[in-house]
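# Observations on the three-dimensional arrangement
Here are the chains, one letter per residue:
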Amino acid sequence: RIRECILDSGQFLVVELMRNGRPPMEACKEAVMRIVKKDPENVKRQVGFIAVDKSGNKGAYSLQQGFNYALFQAGQNQLVDSESYYLSLIPEYAN
């Protein structure tokens with residue numbers, strides 16, 4: 001999982017896209033889409049990105065369902081599910 005993120009420079013891509021005006025979720029989705037296009041076997045993996053811009057806008061996107069992040073805002077904790085490319089094709093990644 002980490003290998004795919006590093007080889008595709010996904011985190012760099014997310015930051016660069018946001019620096020050029022893309023919202024966090026769109027930037028995360030673009031990074032995942034590049035992984036999808038590069039490797040047809042990616043259905044067997046889970047990769048996700050989380051991003052926050054300078055204004056506090058948040059976004060996340062992953063290959064499989066079940067990728068989430070914790071958010072503390074306005075004095076409350078919340079678990080947020082990301083959008084995903086695949087819809088639970090692999091049982092171990094299903095919600």
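Everything numeric in this text was worked out from a predicted model, so none of it was measured.

### Quick word on the packing of aromatic side chains
- Enumeration over the complete set of coordinates arrives at 1 aromatic pair.
- Between Tyr 85 and Tyr 86, the aromatic rings sit 4.7 Å apart at their centres with planes inclined by 85 degrees, giving edge-to-face as the arrangement.
- With relative accessibility at 36%, the residue Tyr 85 sits in the partly exposed group.
- Judged by its relative accessible area of 13%, Tyr 86 falls in the buried class.

### Observations regarding the pattern of salt bridges
- Scanning the model with the defined rule gives 3 salt bridges in all.
- A salt bridge links Glu 16 to Arg 19, with the shortest nitrogen-to-oxygen separation between them at 2.5 Å. Placement of both Glu 16 and Arg 19 in helix α2 (residues 10-19) is noted, with a separation of 3 residues, approximately one turn of the helix.
- Judged by relative accessible area, Arg 19 falls into the exposed class, the value being 61%.

### Points about the side chain of Gln 46
- Here Gln 46 lies in the loop between α3 (24-38) and β1 (48-52).
- Side-chain polar atoms of Gln 46 contact the backbone nitrogen of Gln 64, separated by 3.0 Å.

### Some points on the sheet that holds strand β2 (residues 58-62)
- Pairing is mixed in the open sheet, where 3 strands are placed in the order β1-β2-β5. At either margin of the open sheet sits one strand with a lone partner, and together these are β1 and β5 (83-84).
- Both β1 and β2 contribute to a ladder of 5 bridges, which runs antiparallel. The partner of Gly 48 across the bridge, within β2, is Ser 62.
- Against the sheet, α3 engages β1, β2 and β5, with an angle of about 20 degrees to β2.

Here is what the cut-offs are and how they apply
Residues numbered from 1 in each chain as written. Predicted model: local features only at pLDDT ≥ 70, side-chain atom pairs only at ≥ 80, totals over all residues. Heavy atoms only, no water. Phe/Tyr/Trp six-rings, centres within 6.5 Å; stacked < 30°, edge-to-face > 60°. Buried < 20%, exposed > 50% of the residue type's maximum accessible area, 1.4 Å probe, protein only. Salt bridge = Lys/Arg side-chain N within 4 Å of Asp/Glu carboxyl O. Helix = DSSP H or I, 4+ residues; strand = E, 2+ residues; numbered from the N terminus. Polar contact = N/O pair within 3.5 Å; in protein donor to acceptor, adjacent residues only side chain to side chain. Pairing = 2+ DSSP bridges. Contact = heavy atoms within 4.5 Å. Axes fitted to C-alpha atoms, helices over the stretch in contact; angles between N-to-C directions.

On their own, these measurements won't tell you what the molecule is for.
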